[in-house]
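# Topology and contacts: notes
Residues per chain are reported as follows:
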Amino acid sequence: MSDRIIRGVGVSPGVAIAPAITIRWAFPEVPDRTVAPSELEHEIHRLHLAVDAVSLELEALRERALQRAGPEEARIFDAQMMMARDPDVLAGVETLIRKNHLAAETAYEFKALELRNTWQGARSAMMRDRVADLAAIQLRTIGHLLGTGTEEAWLSEITEQVVLVAHELSPGLTVQFDRDLVVGLISEEGTRTSHAAILAHSLGIPAVMGVPGALERIREGAMVMLDGQSGLIIVDPTPDEFDAARVQSVRRHKLELQLEGIASERAITPDGMHIVLQGNVDLPDEVDTAVRHGAEGVGLLRTEFLLMGRTTLPTEDDQTEYYRRIGAAFPGQPVIVRSYDLGGDKFPVAFDTVAEANPMLGWRSIRVCLDRPEIFRPQLRAILRAAADRDIHLMLPMVVSLEEVEQSSAMLAEEAEALRTAGIRGASEVPVGVMVETPAAVRLAPELARCCAFLSVGSNDLTQYTLALDRGNARLADRFSSLHPAIVRQLHDVVQAAASAGIPASVCGEMASDPLATVLLIGLGYHRLSVAPPSIPLVKWVVRNMPVGPAREAADAALLATSTREIEAILRETLGRYIDLRLVDPSLALPRPAAGTTLPRSQ
Ligand code: PEP
Ligand code: MG
């Protein structure tokens, strides 16, 4: 593959072409400075002045986000303000100043590093998303303490159109970009759910994130072309590629107008099959997008967000309120709340755990919930209370045995009874579903299907555990495909098990957002898909163009296939009969792809 062609994760759609400017900000050198005992109170005063100044700046950024993007985006800065004023962190810094006689910036830097390390150490995509927020606040605070100014000082130097390339983008910086000048964004870190990605999307700036080595591979001043839908980046495009990109951009623009037009329509295949398209909601800011794109409820409400960055567990009331709020956004439609999927790559800062050699195979998810009822029971109670007025369901992650479902259901029934006895309003029961994301759950699917209300395939973990590939390992990304024959056959088994038991089956992993996988899933008999809210229009468009008959034929052929490549080819050929594939994968629109090379698919 040419060095000029780079793949990342498309997080904000649109095509951008402009010279690159590279941003290499780093934490400033903070001197290791101590002060005399008489100056300690002064240092603490300086710390609070800096925090006040940061709060004022964040307030201004909040206002800017409100005007330029919307109320949900503005809330990103409320969360940042809470981080900036976190009483535990500030108390820790004060203690360091008092006990160790450190200058305010030295003490702050020490605490900041400790916190960043904990968050980064979690290896979770969600945690990493928030590390950027945390680092941005810390950088601002240190900037004030050292008197070196803030990260956006250089923004005024941009006077011509550029594509900005950075290691990581903070929300505070992103919201200030003038989209007539900063026409595209590329960052090494970041995912679809990073706040910077959400803001770029709202501001309409095409962006590709999760591009390892971007700063090395794209030199300052190089002409860069990026596609924020597919994640394709071309450095120094040839005139032919340049022209192809322009054509592509026009095509895509037309498609986007078409997608806007179908936002309120349902996802019905040309031969009349209704595919229920729901949203995966990780963060409250995604609800708006899901509603705007006509999601028929929430197929996966990840609840780990509730614990992010907190030093205490959220209360039952906090959770009830949160589930009610999400439920209220989808009147008459189901919201499937997944119980805490902690551990593995997702431990909150607040959580007291021991390091494990194999966290992905460790004390995680339903195992943590069942072992720690003091965490699980308040969540069950909150779900029951919210379900008094809304169609709220419970979904259990990482299940490997029937006992786990039986124990969880028993706890749920006990909590329902406890609420009733205490005279607290709550549903007497809620539908309980199982996430099928381990090979064990696939093998037990017929039995699981008989003791639960629905099955939902978590294809991310199912792929990880079936192929023995760490889903977070960038070196393995090219090998990580949910279109592997072993996954395709398991998907078939699960949908068949659900059908035999007369319960619905859905897919809520990332594969459901992939147009090729959509063909496979419809063909296998999945009538419910839950996808990241920004992907809903594209999947809906595929559904509305793809008849079920040929999808079934493709799925039958895929079940006999023996390689991922073969399965991709079958699906590509089938989908290509109904839509212009270049719209979903612009690498196909390149004028002269190098002979014999295929571009790996982004994960
Ligand atoms: C999955 O594993 O496919 C899934 C949807 O859950 P998560 O990505 O949160 O592990
Ligand atoms: Mg999972």
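Remember, it's a predicted structure, so these values are computed and weren't measured experimentally. (Residues numbered from 1 in each chain as written. Chains lettered and ligands numbered in written order. Predicted model: local features only at pLDDT ≥ 70, side-chain atom pairs only at ≥ 80, totals over all residues. Heavy atoms only, no water.)

Here we come to the domain arrangement of the chain. Size of an interface, as often reported, equals the accessible area lost when the parts are brought together. Structurally, the chain comprises domain 1 (5–25 + 152–259), domain 2 (37–147) and domain 3 (267–564). For domain 1 and domain 3, the distance between their C-alpha centroids amounts to 31 Å. Listed as interface residues are nine residues of domain 1 and, on the opposing side, nine residues of domain 3. In this structure, the connection of domain 1 to domain 3 is made through zero salt bridges. Counting across the domain 1 and domain 3 interface gives zero residue pairs in polar contact (both at pLDDT 80 or more). When contributions to the side of domain 1 that touches domain 3 are tallied by element, the ones reaching two or more residues are α7 (195–203) and α9 (239–261). Of the residues belonging to the side of domain 1 that touches domain 3, the class tally is three nonpolar, five polar and one charged. (Domains from an automatic or database assignment. Contact = heavy atoms within 4.5 Å. Salt bridge = Lys/Arg side-chain N within 4 Å of Asp/Glu carboxyl O. Polar contact = N/O pair within 3.5 Å; in protein donor to acceptor, adjacent residues only side chain to side chain. Helix = DSSP H or I, 4+ residues; strand = E, 2+ residues; numbered from the N terminus. Nonpolar A, V, L, I, M, F, W, Y, C, P; charged D, E, K, R; others polar.)

Turning our eyes to something else, we now look at the coordination of the magnesium ion (ligand 2). Looking at the magnesium ion (ligand 2), the protein donor atoms are E437 (OE) and D461 (OD), and they sit 2.1 to 2.2 Å from it. Residue E437 is located in the loop between β13 (432–436) and α15 (439–443), and its partner D461 is located in helix α17 (residues 459–467); the two are separated by 24 residues in the primary sequence. When its relative accessible area of 2% is taken as the criterion, E437 is described as buried. Taking relative accessible area as the criterion, D461 reaches 2% and is therefore assigned buried. (Donors = N, O, S within 2.8 Å, 3.2 Å for Na, K, Ca; no water. Buried < 20%, exposed > 50% of the residue type's maximum accessible area, 1.4 Å probe, protein only.)

Ordered by their spatial adjacency, eight strands build a closed barrel running β9-β10-β11-β12-β13-β14-β15-β16, and the pairing between neighbours is parallel. The average undirected angle you get between the axes of adjacent strands in this sheet is 30°. In this structure, strand β15 (residues 505–507) lies alongside strand β16 (residues 528–531), joined through two bridges in parallel fashion. Following the sheet pairing, V507 is matched in β16 by L529. (Pairing = 2+ DSSP bridges. Axes fitted to C-alpha atoms, helices over the stretch in contact; angles between N-to-C directions.)

Below, the discussion takes up the packing of helix α18 (residues 485–501) against helix α19 (residues 515–524). Interaxial distance between α18 and α19 falls to 10 Å at its minimum, and their mutual angle equals 35°. Where α18 crosses over α19, the two elements pack in a sense that is right-handed. Counted together, V488, L491, H492 and V495 of α18 and L520, L521 and L524 of α19 form the full contact between these two elements. By residue class, the composition of the contact of α18 with α19 is six nonpolar, one polar and no charged. (Left-handed = near helix turned anticlockwise from the far one by under 90°.)

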